[in-house]
Amino acid sequence: MKYYLIAGEASGDLHASHLMQALKERDAEAEFRFFGGDLMAAVGGTRVKHYRELAYMGFIPVLLHLRTILKNMKMCKQDIVQWQPDVVILVDYPGFNLKIAQYVKANALCPVYYYIAPKIWAWKEYRIKNIKRDVDELFSILPFEVEFFEGKHHYPIHYVGNPTAQEVREFLSAFNPQPSDLPKPIIALLAGSRKQEIKDNLPAMIEATRHLAEQYDIVLAGAPSIEADYYQQFLKDTPVRLVMNETFQLLSQATAALVTSGTATLETCMFRVPQVVCYETPLPRLIGFLKRHVLSVRFVSLVNLIADREVVTELVAETFSVDNIRRELEAILPGGTRRQQMLDDYKEIHRRLGDSDAPKRAAERMITLLK
């Protein structure tokens, strides 16, 4: 069968590549065409656009690049029509992907499957109307989404398990990390996968760890979507060391981490590394108000959302500051007041996610449904 996939960022590229591999193992005639990244390209098929040309975040960047975004969307629609796939598989990235779903459905081109459901339970819940109308099958990776989609909105979905949990298990099984022989323990910095996130969060993370540089090796995980040169403006005259494309290796050896909210918070939890979630926003007081009174959820990190309580501290909007980051970090270092409790709480996250192979389960169900 012919599979057309669309992933708009680094995490989507990772998850989509594993899904493609699982589809390939179960469908000897699988053909792939996609918007995505290097990991998807390594599995095979034809890449139409790299996700780096799609990943714009925030009102101003989107506005400035609107012509490019619309051009890419038009190209994608035309490419789907020309290639005539058996199914379009969308991977997160709802701003772009829901528009594609609408077009494919309106023109009755093929079924639309959504792998990794849009996080409408946090923001823009009205998009459920578009999903019900335009998405034939939705594959969820977060256990609490079952109640949201099926219980609240009466829209049946497929919960297939969490790919991040599976990816970490596979890494640990293959990598078999040994205790670090480095002279100092590591504090990991995971500052996001987009330039705006890095610009907003990394300087404060560096400043909050500066006083610990003699005791700890402060290591920044470079995102695969960002060139190494971009980080140098923030690292000049600092003790921070940059590693590229080694996030899992870094987390396997880290003692603690400062993490910008996103998939990285869950990855850090799966490696059992205590963390502080840091996310600076413009107009912090206003955003803080909206978070408390407008957002549909109490938390921004996947760890806390899965636990449905505060397991990791979230320093977001008006609580984001160097002093707060420093204080919370010290509390999760060895001997800190919150470290052991967080490690104990992580066990509940691991239990809730289980040990299912998400890409395998999703691929099997997709092929069954298509046949």
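Please read these numbers as outputs of a predicted model, since none were measured by experiment. (Residues numbered from 1 in each chain as written. Predicted model: local features only at pLDDT ≥ 70, side-chain atom pairs only at ≥ 80, totals over all residues. Heavy atoms only, no water.)

Q: Explanation requested: the overall build of the protein in the structure shown.
A: For the protein, the count of helices and strands is 17 helices and 13 strands. Taken over C-alpha atoms, the radius of gyration comes to 21 Å for the protein, in line with the 21 Å a tight globule of 371 residues would show. Its C-alpha atoms put the protein at 60 × 45 × 45 Å along the principal axes. Total accessible area on the protein stands at roughly 17,000 Å², and carbon and sulfur atoms take up 51% of it. Taken together, the 45 basic and 45 acidic charged side chains of the protein have centroids lying 5 Å from each other. (Helix = DSSP H or I, 4+ residues; strand = E, 2+ residues; numbered from the N terminus. Rg over C-alpha atoms; globule rule 2.2 N^0.38 Å. Areas by Shrake-Rupley, 256 points an atom, 1.4 Å probe, with all protein chains shown as cover. Lys, Arg positive; Asp, Glu negative; His and termini not counted. Charge placed at Lys NZ, Arg CZ, Asp CG, Glu CD.)

Q: I'm lost on the pattern of salt bridges in this one. Help?
A: Any two side chains of opposite charge can pair if their charged atoms end up close together. With the rule as written, the count across this model stands at 22 salt bridges. Note that Arg 52 is salt-bridged to Asp 38, the shortest N-O span being 3.9 Å. Taken together, the positions of Arg 52 in the loop between strand 3 (46-50) and helix 3 (59-64) and Asp 38 in helix 2 (residues 38-43) put the pair 14 residues apart, joining distant regions of the chain. You can call Arg 52 partly exposed: its relative accessible area is 43%. Here Asp 92 makes a salt bridge to Lys 119, at a shortest N to O gap of 3.2 Å. Of this pair, Asp 92 sits in the loop between strand 4 (87-91) and helix 5 (94-106) while Lys 119 sits in the loop between strand 5 (112-115) and helix 6 (128-134), placing them 27 residues apart in sequence. (Salt bridge = Lys/Arg side-chain N within 4 Å of Asp/Glu carboxyl O. Buried < 20%, exposed > 50% of the residue type's maximum accessible area, 1.4 Å probe, protein only.)

Q: Honestly, the environment of Met 342 in this entry has me stumped. Any pointers?
A: Along the chain, Met 342 falls in helix 16 (residues 339-353). The class of Met 342 is buried, set by a relative accessible area of 1%. In this structure, the C-alpha to C-alpha distance between Met 342 and Arg 326, residues 16 residues apart in sequence, is 17 Å. With residues up to four places along the chain from it excluded, the contact list for Met 342 reads Pro 274, Gln 275, Val 311, Val 312 and Ile 332. (Contact = heavy atoms within 4.5 Å.)

Q: Can you walk me through unusual backbone geometry in this structure?
A: Non-glycine residue Lys 124 carries a positive phi angle of around 60 degrees. With respect to the helices and strands, Lys 124 occurs in the loop between strand 5 and helix 6.

Q: Explain the packing of helix 9 (residues 195-209) against helix 15 (residues 322-332) here, please?
A: A packed helix pair is summarised by two numbers, namely the angle formed by the two axes and the spacing between the axes. Contact pair helix 9 / helix 15: the axes reach a minimum separation of 9 Å and the direction vectors enclose 55 degrees. Considering the angle they form, helix 9 stands oblique to helix 15. In the crossing of helix 9 with helix 15, the sense of the turn from one axis to the other is right-handed. Taking contact as the criterion, the partners of Ala 204, Glu 207, Ala 208 and Thr 209 in helix 9 are, on helix 15, Val 322, Ile 325, Arg 326 and Leu 329. Considering only residue class, the contact of helix 9 with helix 15 consists of 5 nonpolar, 1 polar and 2 charged. (Axes fitted to C-alpha atoms, helices over the stretch in contact; angles between N-to-C directions. Parallel < 35°, antiparallel > 145°, perpendicular 65-115°, else oblique. Left-handed = near helix turned anticlockwise from the far one by under 90°. Nonpolar A, V, L, I, M, F, W, Y, C, P; charged D, E, K, R; others polar.)

Q: What am I meant to see in the sheet that holds strand 12 (residues 275-279) here?
A: Backbone hydrogen bonds hold the strands of a sheet together, and the pairing may be parallel or antiparallel. Spatially, 10-9-8-11-12-13 is the arrangement adopted by the 6 strands of the open sheet, whose pairing is parallel. Looking at strand neighbours, the two that pair on one side only are strand 10 (241-244) and strand 13 (313-316), the edges of this open sheet. Neighbour-to-neighbour, the strand axes of this sheet turn through a mean angle of 25 degrees, independent of strand direction. Bridging between strand 8 (residues 186-190) and strand 11 (residues 254-259) involves 5 bridges; their strand directions are parallel. Of the residues in strand 11, the one forming a bridge with Leu 189 is Leu 258. (Pairing = 2+ DSSP bridges.)

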